[in-house]
2 protein chains.
Amino acid sequence: MSDYPTLAQIKDARKTLGSLIIETPAQQWRDPRLLERIGDNTEVFVKLELFQLTGTFKLRGALNVMLNLEQKQLERGSHCRQCRQSCHCHRLCRKGPWDLGKSSHDQNANPLRMQLARELGAEIILADNPHDAFALVKKIKQEEGRTFIHPFEGPLTLQGTGTAGLEFAQQVPELDAMILPIGGGGLCGGFAAALKQIWPGIKIYGVEPEGASSMYQSFQQGKPVTLDHIDTIADSLAPPKAEPYTFSVCRRFVDEIVLVDDDQLKAAMRNLFHELKLAVEPAGAATTAGLLGPLKEKIRGQRVGIIVCGANIAIDDFNSLVS
Amino acid sequence: MSDYPTLAQIKDARKTLGSLIIETPAQQWRDPRLLERIGDNTEVFVKLELFQLTGTFKLRGALNVMLNLEQKQLERGSHCRQCRQSCHCHRLCRKGPWDLGKSSHDQNANPLRMQLARELGAEIILADNPHDAFALVKKIKQEEGRTFIHPFEGPLTLQGTGTAGLEFAQQVPELDAMILPIGGGGLCGGFAAALKQIWPGIKIYGVEPEGASSMYQSFQQGKPVTLDHIDTIADSLAPPKAEPYTFSVCRRFVDEIVLVDDDQLKAAMRNLFHELKLAVEPAGAATTAGLLGPLKEKIRGQRVGIIVCGANIAIDDFNSLVS
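Conventions we followed
- Residues numbered from 1 in each chain as written.
- Chains lettered and ligands numbered in written order.
- Predicted model: local features only at pLDDT ≥ 70, side-chain atom pairs only at ≥ 80, totals over all residues.
- Heavy atoms only, no water.
- Pairing = 2+ DSSP bridges.
- Helix = DSSP H or I, 4+ residues; strand = E, 2+ residues; numbered from the N terminus.
- Axes fitted to C-alpha atoms, helices over the stretch in contact; angles between N-to-C directions.
- Contact = heavy atoms within 4.5 Å.
- Buried area = accessible area lost by both parts, 1.4 Å probe.
- Salt bridge = Lys/Arg side-chain N within 4 Å of Asp/Glu carboxyl O.
- Polar contact = N/O pair within 3.5 Å; in protein donor to acceptor, adjacent residues only side chain to side chain.
- Buried < 20%, exposed > 50% of the residue type's maximum accessible area, 1.4 Å probe, protein only.
- Least-squares fit on C-alpha atoms with pLDDT ≥ 70 in both.
- Disulfide = S-S within 2.5 Å.
- Right-handed = clockwise from strand over helix to strand, strands pointing away.
- Parallel < 35°, antiparallel > 145°, perpendicular 65-115°, else oblique.
- Left-handed = near helix turned anticlockwise from the far one by under 90°.
- Nonpolar A, V, L, I, M, F, W, Y, C, P; charged D, E, K, R; others polar.
- Domains from an automatic or database assignment.
- Arc of directions from axis to C-beta.

Considering the sheet that holds strand β6 (residues 303–307) of chain B
Residues and elements named next belong to chain B.
- The strand order across the open sheet built from six strands is β1-β2-β6-β3-β4-β5, with neighbouring strands paired in mixed fashion. In the strand order of this sheet, the two ends are held by β1 (26–28) and β5 (256–260), each with one partner. The mean inter-strand angle of the sheet, taken between neighbouring strand axes irrespective of direction, is 25 degrees.
- Inspection of the sheet shows strand β3 (residues 177–181) paired to β6 by three bridges, in the parallel sense. Bridged to I179 within β6 is I306.
- Contacting β4 (203–209) and β5, helix α10 (residues 214–221) runs over the sheet at an angle of about 140 degrees to β5.

Regarding the interface of chain A and chain B
- Contacts between the two partners involve 35 residues from chain A and, on the opposite side, 36 residues from chain B.
- Per-residue buried area on chain A facing chain B is highest for R30, K277 and I315 of chain A; these three make up 27% of the total on that side.
- Linking chain A to chain B there are zero salt bridges.
- Counting the contacts that link chain A with chain B gives eight residue pairs in polar contact (both at pLDDT 80 or more).

A word on unusual backbone geometry
- In this model, T54 of chain A sits at a positive phi of 75 degrees, which is unusual for a non-glycine residue.
- Within the fold, T54 of chain A resides in the loop between β2 (43–47) and α3 (58–73).
- For T54 of chain A, a relative accessible area of 33% translates into the label partly exposed.
- The backbone of K277 of chain B sits at a positive phi, close to 65 degrees, despite the residue not being glycine.
- Residue position: K277 of chain B is located in the loop between α12 (262–276) and α13 (286–292).

A look at the relation of the copies chain A and chain B
- It takes a turn of 180 degrees to lay chain A on chain B, together with a shift of 0.0 Å along the axis; the resulting RMSD is 0.0 Å. Taken together, the turn and the small shift mark the pair as related by a two-fold rotation axis. When C-alpha distances to the rotation axis are compared across chain A, the minimum falls at L278 of chain A, with a value of 2.4 Å.
- Mapped onto chain B, 100% of the interface residues of chain A again fall at the interface, so both copies present the same surface.

With respect to the state of the cysteines
- Tallied over the full model, the rule gives zero disulfides over all chains.
- No disulfide involves C188 of chain A; its sulfur sits 4.4 Å from that of C250 of chain A, the nearest cysteine.

Regarding the sheet that holds strand β1 (residues 26–28) of chain A
Residues and elements named next belong to chain A.
- Ordered in space as β1-β2-β6-β3-β4-β5, the six strands form an open sheet in which the pairing is mixed. Because the sheet does not close on itself, it has two edges, and the strands there are β1 and β5 (256–260). The mean angle between the axes of side-by-side strands here comes to 25 degrees, regardless of whether they run parallel or antiparallel.
- Sheet topology places β1 next to β2; three bridges connect them, and they run antiparallel. Residue Q28 lies in a different strand from β2, and its bridge partner there is F45.
- Running at roughly 135 degrees to β2, helix α8 (residues 155–171) makes contact with β1, β2, β3 (177–181) and β6 (303–307) of the sheet.
- Of the strands in this sheet, β4 (203–209) and β5 touch helix α10 (residues 214–221), which is tilted by about 140 degrees from β5.

Section: the pairing of β4 of chain A
Residue and element names in this part refer to chain A.
- Burial of β4 is extensive: six of the seven residues sit out of reach of the surface.
- Relative to β4, β3 runs parallel, the two sharing five bridges. Within the sheet, the bridge partner assigned to L180 lies in β4 and is G206.
- The β-α-β motif built from β3, the intervening helix α9 (residues 186–198) and the parallel element β4 has right-handed crossover chirality.
- Note that β4 and β5 share five bridges and pair parallel.

Some details on the pattern of salt bridges
Residues and elements named next belong to chain A.
- Across all of its chains, the model carries 26 salt bridges over all chains by this definition.
- Ionic pairing is found between E167 and R14, a salt bridge with its closest N-O pair at 3.7 Å. Residue E167 is located in helix α8, and its partner R14 is located in helix α1 (residues 7–17); the two are separated by 153 residues in the primary sequence.
- For R60, the salt bridge is made with E167, and the minimal N-O distance between the two is 2.9 Å. Placement of R60 in helix α3 and of E167 in helix α8 is noted, with a sequence separation of 107 residues between them.
- For E167, a relative accessible area of 3% corresponds to the buried category.

Structural notes on the packing of α8 of chain A against α9 of chain A
All names here are of chain A.
- Direction vectors running N to C along α8 and α9 enclose 45 degrees, while the axes themselves pass 7 Å from each other. With respect to each other, α8 and α9 are oriented oblique. Crossing angle aside, the handedness with which α8 passes α9 is right-handed. When α8 is examined against α9, the residues L158, T161, G162, A164, G165, L166, F168 and A169 are found in contact with a partner set consisting of G186, L187, G189, G190, F191, A194, L195 and I198.
- Looking at side-chain class alone, the contact of α8 with α9 contains ten nonpolar, six polar and no charged residues.

Quick notes on the domain arrangement of chain A
All names here are of chain A.
- The assigned domain composition of chain A is domain 1 (7–57 + 155–322) and domain 2 (59–149).
- Joining domain 1 to domain 2, the criterion identifies two salt bridges.
- Taken together, the connections running from domain 1 to domain 2 amount to six residue pairs in polar contact (both at pLDDT 80 or more).
- Elements represented by at least two residues in the side of domain 1 that touches domain 2 include exactly α1 and α8.
- No other element matches α8, which puts eight residues into the side of domain 1 that touches domain 2.

Things to note about helix α1 (residues 7–17) of chain B
Residue and element names in this part refer to chain B.
- I10, A13 and L17 are the residues of α1 that are buried. Buried positions in α1, seen along its axis, are confined to an arc of 55 degrees and lie on one side of it. Exposed positions of α1 whose direction lies more than 90 degrees from the buried face are A8 and K15.
- G18 occupies a position one or two residues after α1 and carries a positive phi of about 50 degrees.

This is the structure in structure tokens:
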């Protein structure tokens, strides 16, 4: 078995996902205000993954895991049938650390995201912190015989997220560089694997919040690290630690990771609002913050892709961040 | 000469516009919250025209007028050459009642829209009200030998806006119904003409603000009317009067016009923010307000298209409208 998502596996994942996900649009960002900043001869193409069902790419990875479970374990009953049913209504069965982790991350769960998950049929149990949340999920898994779907780790998850890269490569001309957000690395690893196998000459840049730099530090130390402390407004990009499979895939396909701070994320949210008419949460602005900040000179004059993903934010929160 | 934009003319306009406009994406709106409101078996496809350069469809009509001027009058010099240059930099030459009209509409011009126009090289002269603005533009035209580009009236303008309809018909499956916003009717007339010639069975619904219902009243009276009074938050859909050509094209291709009030527009802005992650000005939410309000029962169970267009709004204004 390959130790990274191959193109064949990613194409299989796309077939498996079928019409449970949508092909999100891609768009060239040609606003003159952007081009003044990064140069007239720079071309920026945007994968609008925020239009994915649920507002995030995560569906691609999670459903790919669940649909594979279903096929292999259908006759074993209970949670599998539940999976089938849930998939078909876009209701994920109790998802484990997604919401548990999110909710407990800062002791003050993002209320909108919990509400949306509940509306889709999820049951949410709060833990005191992300580490406890992962432990709680293990306990639930054992006691109730449930299946644990990790928020970013694992081959099937990355094969699923790779489908976004596969799509993008069919939507835009060959790119010199791609900028991807990194939280756990699930999106970045899968997307980068797809693009680099299609266009081997492409440079892949990861963007991580300064206050939650688990992958950046893992790259520096050569092994997945656990963070003591997390402090960023980009709560969707702030898992407590890097995991081995995702780390190894990112290390293989990502050329460089850069960091952005909260002010850069807020400024990028304003740019996306004014120039692309998009209302995103801080994590959704990470690639734009990288493009206009630490990567600005590196990508000048190139044909570069970014992904905008993550738009589960309440209007008041949006306003208080961008005003 | 045909008294409406023919498909052949609209296709010619698309060639004329070339890469000065972009093909904006189309997207199915599959959020479960939407489907709960309008029925699981209703399919809604959205033309994301707010991603057009400048944030609005108006470029399609205005450039089509200017590029045709240019070809016919190139040897006559002065303003024509200016047009060519302006087109190529996406700088419209002094545009007349667009900004004059907009700016004077409520004695309190939309500052963001004026700023954006100035950044693109426009010179803006304020008038006291929309009627005075049109008069002032006539005076400038005569005194300075400039060409007047009407904001919505005229065959070339509607052939230009028709290109958005042509595109949409290639992007989505055959529709039962299309919902279009109406201000002056320039977008609605061209778009409706394209779709109804491609799919003769389609129903076309227009949506107009209750407080600026010039086309609705014109339909009732059988002739273009002038409004005494305008009162709506959708300032992009509020011209002082209907014009004869646009009126006749809308009358030919639009089956019914419905009205929405300011509260319905604000609610639709919130829906677009939460469910499609889009930050639009009130005019950009008109078709959504129609879909979820007066047209809700009529389109239930159908395959229906809407267009989202108009996103030139400041963050503070957005917040004060949707909070």
